Amino acid sequence: MTRPFLSVENLVVHFPTPDGIVRATDGLSYTLEPGKTLGIVGESGSGKSVSSSAILGLHRNTNAQVSGKIWLDGVDLLALSDKEMQQRRGKDVAMIFQDPLSALHPYYTVGDQVGEAYRIHNDVTKKQARARAIEMLDRVGIPDPHRRVDAYPHQFSGGMRQRAMIAMALINDPELLIADEPTTALDVTVQAQILDLLQDLQKEFNTALIMITHDLGVIAEIADEVLVMYAGRAVEYGSTKQLLTEPAMPYTLGLIQSVPDLSSDVNEPLKPIPGNPPSLLNPPPGCPFEPRCAYKHHVPDGLPQRELPELREIAPGHFRRCHLTETDLSKLTPMPVGVDE
Amino acid sequence: MIAFIIRRVLVGIVMVVVMIFVVFSLFFASGNPAINQCGKYCSAEKIEELTRLLGYDKPIPAQFGDFVRGLVVGRDYPVNDAYREQLIANGFENRIIHCEAPCLGYSQSDQKTVNQLLGKAAGPTISLAVVSFVIWIFFGVLIGVLAAVFKGKWLDKVVVGSTLVVYALPVFVIGTFFLQYVAIKWELYPYPRFEPLQGPEDILPWITGIFLPALTLALFFMAAYVRYTRAFVLESMSEDYIRTARAKGLPERRVLFKHGLRSALTPLVTLAGLDFASLLAGAIITESVFNYQGMGALAVKANNNHDLPVLIGLVIVGATAVIVMNIIVDILYAYIDPRVRFAK
């Protein structure tokens, strides 16, 4: 059996702190094929960014403890030396970040920074790198790239900066692109443009894309498969259609229900999930979502507190981590949860 | 960029003018300078005569006018017109001293113009400032970067600990140690004596003579700059754009030197410029320990002798140095940080 193009197997990222170990990512597994998009959804601190940064090896030389396997095109990235990983970073795997203003160096021109990514992985002159940077800036839709290549990040608008970041990430034609909430810091209209651009470029370069977001609208638009993360673990994993139409995990359902529906009554209050995500520092045993779960009364008393549910396949390609026996949540009645904290 | 420089220089000139006015007013607000000049046992007639001779009998605005005129076109001493004419009439023309512009005044107790005194003191002071500046910036930044790179390792701990000790040691302790033990008792180093730098052949004796005092002064600043640099580098290395640089696949060395250090440089330039400027007004303790006749020693002497013109001259020169260094820092800032350069 051939291994999938990207296969993350039992990825663990722990941060030892004086107060104990922060289990930012605890046993995460997923796969991805070229040209496909995986959406990773979850609240802040659910381990989305941490687990994805591990693919680039950005936890190297920090005190993070990373274990598991990350197979990319048949190579285990975690087994590579620092030097080998550095040579793949930005070439085979690239990443774009949430806030393009702070992610770009304020003292260097956009062209310099975009071209640098090309120059470091290819034996080219400064002039060739600059020409390539102009070509990429043009490709990501920055008007007048010959002139704009010499501008500084602060002279760009937010959308333009994110386009420049995308140009930087794609300049070496990477096989895998990780986008860490690339539209969060942008205006809504610009968000749509950036998503369109990412989709176009993905089609053109046949790149595998990991889209980290907490915006289900983005997921619905761009993702083929979705991984829902909660407290450092996958709680539901399946095709976008499965997850958005038949969510089998109360947390996913809560996320979907918390999105305002434009067709409904404007005076209808939003439905947030009550409570807060648990601390990742010394988490208690049991289901991490239990305190906020509206369906826990359908599970034998004490089980959710005692035991962490397994990630089980409930339909072909559809996994969930839940104690409920019923997979169709619409057949169950939710109970209001009082979260006292 | 040019417009920026011109604007900064013009503002600087205005600041110098205001500063001169303030300094002048402050020193004359402290009473009749002739009384202090005259000494303890001075008759009323003597004070009155001295007041007239030194020109302190004129209204203060007129004195300020004369002072500014001296700065712009120079002036003759003694300042009292009648007394000067009397000297000429009696054939003592050679007793009239012309002070070239920019004339900062005349020291009655030294019988020299302030410019002459400052000119003589400037050599040791500038030499001391420049050599110690080079030492402390080079080693301070270097060790600071190393400490930041090895944060939490033993090297960092040793550096952080020893900077604390060095910073806490008074300059006169380090200086006296170098002078009494290293130079005199153990004879590890020739006795430090200031040799003026007049030509390329003077470089070796100049640097030999200046090294110990410069090192004394530099150690104190170095300790501070190690800590500054360490903090600034650690701060800039935790920025998002450093993560971007790593994600691009840059080797760690390039991440540090191209992306990390550049932004740590900006606050360092500000601090270094101002610290250097303050040294140009003289390093009083270091100069005293090594018996260097620099601006600091001159200031102490002028203060003890109530030599008002010298004090005014010293303060004006020191304050001008600060203003000039500020302008240079601003221009460097614009050079380093494009956001400053393009700000309207």
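What comes next is a walk through the structure. (Residues numbered from 1 in each chain as written. Chains lettered and ligands numbered in written order. Predicted model: local features only at pLDDT ≥ 70, side-chain atom pairs only at ≥ 80, totals over all residues. Heavy atoms only, no water.)

## Side note on the overall build of chain A
Next up, step 1: A tally of helices and strands in chain A yields 12 helices and 12 strands.
Next up, step 2: Taken against the 2.2 N^0.38 rule, which gives 20 Å for 341 residues, the C-alpha radius of gyration of chain A at 21 Å falls within 12% of a compact globule.
Next up, step 3: Projected onto its principal axes, the C-alpha coordinates of chain A cover approximately 70 × 50 × 45 Å.
Next up, step 4: The buried share of chain A, taken over its 341 residues, is 52%.
Next up, step 5: Here the analysis covers contacts within chain A between residues at least 6 apart in sequence; of these, 66% occur between residues at least 24 apart.
Next up, step 6: Accessible surface, chain A: about 15500 Å² in total, of which carbon and sulfur atoms supply 51%.
Next up, step 7: Of the charged side chains in chain A, 31 are positive and 44 negative; the average position of the first set lies 5 Å away from that of the second. (Helix = DSSP H or I, 4+ residues; strand = E, 2+ residues; numbered from the N terminus. Rg over C-alpha atoms; globule rule 2.2 N^0.38 Å. Buried < 20%, exposed > 50% of the residue type's maximum accessible area, 1.4 Å probe, protein only. Contact = heavy atoms within 4.5 Å. Areas by Shrake-Rupley, 256 points an atom, 1.4 Å probe, with all protein chains shown as cover. Lys, Arg positive; Asp, Glu negative; His and termini not counted. Charge placed at Lys NZ, Arg CZ, Asp CG, Glu CD.)

## Description of empty space enclosed by the protein
Next up, step 1: Under the defined criterion, the tally for this structure stands at four cavities of 30 Å³ or more.
Next up, step 2: Taken together, 15 residues line the largest cavity, and the ones lying closest to its centre are Cys287, Cys293, Val299, Cys322 and His323 of chain A.
Next up, step 3: For the lining of the largest cavity, a count of residues per class yields 11 nonpolar, one polar and three charged.
Next up, step 4: Lining the second largest cavity are Gly90, Ala94, Met95, Ala117, Met165, Met168 and Ala169 of chain A together with Thr244, Ala247 and Lys248 of chain B.
Next up, step 5: Secondary structure elements with two or more residues in the lining of the second largest cavity: strand S6 (93-96) and helix H7 (158-170) of chain A together with helix H10 (240-247) of chain B.
Next up, step 6: For the lining of the second largest cavity, the element with the highest residue contribution is H7 of chain A, accounting for three residues.
Next up, step 7: Residue classes in the lining of the second largest cavity are distributed as seven nonpolar, two polar and one charged. (1 Å grid on protein atoms, 1.4 Å probe; cavity = no way out; pocket = protein on both sides within 12 Å on 5 of 7 lines; lining within 4 Å. Points joined across faces, edges and corners; volume = space filled by probe spheres on them. Nonpolar A, V, L, I, M, F, W, Y, C, P; charged D, E, K, R; others polar.)

## Section: the sheet that holds strand S5 (residues 75-76) of chain A
As a general point, the strands of a sheet are linked pairwise by backbone hydrogen bonds and lie either parallel or antiparallel.
Residue and element names in this part refer to chain A.
Next up, step 1: Pairing is antiparallel across the open sheet formed by four strands, whose spatial order is S2-S1-S4-S5. A single partner strand is all that each edge strand has here, and the edge strands are strand S2 (20-32) and S5.
Next up, step 2: Strands in contact with helix H1 (residues 48-55) are strand S1 (6-17), S2 and strand S4 (65-72); relative to S1, the strand with the most contacts, it is inclined by about 115 degrees. (Pairing = 2+ DSSP bridges. Axes fitted to C-alpha atoms, helices over the stretch in contact; angles between N-to-C directions.)

## Looking at the pairing of strand S11 (residues 311-315) of chain A
Next up, step 1: Note that S11 of chain A and strand S12 (residues 318-321) of chain A share four bridges and pair antiparallel. The partner of Leu311 of chain A across the bridge, within S12 of chain A, is Arg321 of chain A.

## Points about the pattern of salt bridges
Two side chains bearing opposite charge may form a pair once their charged atoms approach each other closely.
Residues and elements named next belong to chain A.
Next up, step 1: Considering all chains together, one arrives at 22 salt bridges over all chains under this definition.
Next up, step 2: With its nearest N and O atoms 2.9 Å apart, the salt bridge here joins Asp82 to Arg60. Linking Asp82 in helix H2 (residues 82-88) with Arg60 in the loop between H1 and S4, this pair joins segments that are 22 residues apart in sequence.
Next up, step 3: Overall, Asp82 belongs to the partly exposed group, its relative accessible area being 40%. (Salt bridge = Lys/Arg side-chain N within 4 Å of Asp/Glu carboxyl O.)

As far as function goes, none of this settles anything; it's purely spatial.
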